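# Fold and geometry: a report
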Amino acid sequence: MLCETHQHSRFLAAVLDEAPPMRGNPYHDVHIATLMREHGIRTIATADRHFRVFAGLKIIDPTA
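The present account deals with the structure reproduced in this document. Given the structure is predicted, the values throughout are model-derived calculations rather than measurements.

So, how was this worked out
Residues numbered from 1 in each chain as written. Predicted model: local features only at pLDDT ≥ 70, side-chain atom pairs only at ≥ 80, totals over all residues. Heavy atoms only, no water. Helix = DSSP H or I, 4+ residues; strand = E, 2+ residues; numbered from the N terminus. Rg over C-alpha atoms; globule rule 2.2 N^0.38 Å. Buried < 20%, exposed > 50% of the residue type's maximum accessible area, 1.4 Å probe, protein only. Phe/Tyr/Trp six-rings, centres within 6.5 Å; stacked < 30°, edge-to-face > 60°. Lys NZ or Arg CZ within 6 Å of the ring centre and 35° of its normal.

## Overview of the overall build of the protein
Per the secondary structure count, the protein includes two helices and two strands. Reading the protein from its N end, one meets helices and strands in the order α-α-β-β. For 64 residues, the compact-globule estimate of 2.2 N^0.38 gives 11 Å, and the protein sits close to it at 11 Å. With the C-alpha coordinates of the protein rotated into their principal frame, the extents come out at 35 × 25 × 20 Å. For the protein, the residues scored as buried account for 27% of the 64 residues in total.

Structural data, given as structure tokens:
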């Protein structure tokens, strides 16, 4: 389980600055992308296309 570090707000600001404007409720996706960046994780297996807006993530679609 990934937890927020003491630098979470800095990583969150960077993720939000780099992402295009988002619609709906992207809170969960933004939080996951931020935690991944904080912990140096670059790859995520998901069919959720919303993750494509986050720079530096490699998306593996398990349904493809």
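## A closer look at the packing of aromatic side chains
Taken as a whole, this structure holds one aromatic pair when the rule is applied. The side chain of R10 reaches across the aromatic face of F11, ending 4.6 Å from its centre.

## Things to note about the environment of G56
Of note, G56 is situated in the loop between β1 (43-45) and β2 (58-60). On the basis of relative accessible area, G56 is assigned to the exposed category, the value being 55%. The spatial distance from the C-alpha of G56 to the C-alpha of H31 is 15 Å, given a sequence separation of 25 residues.

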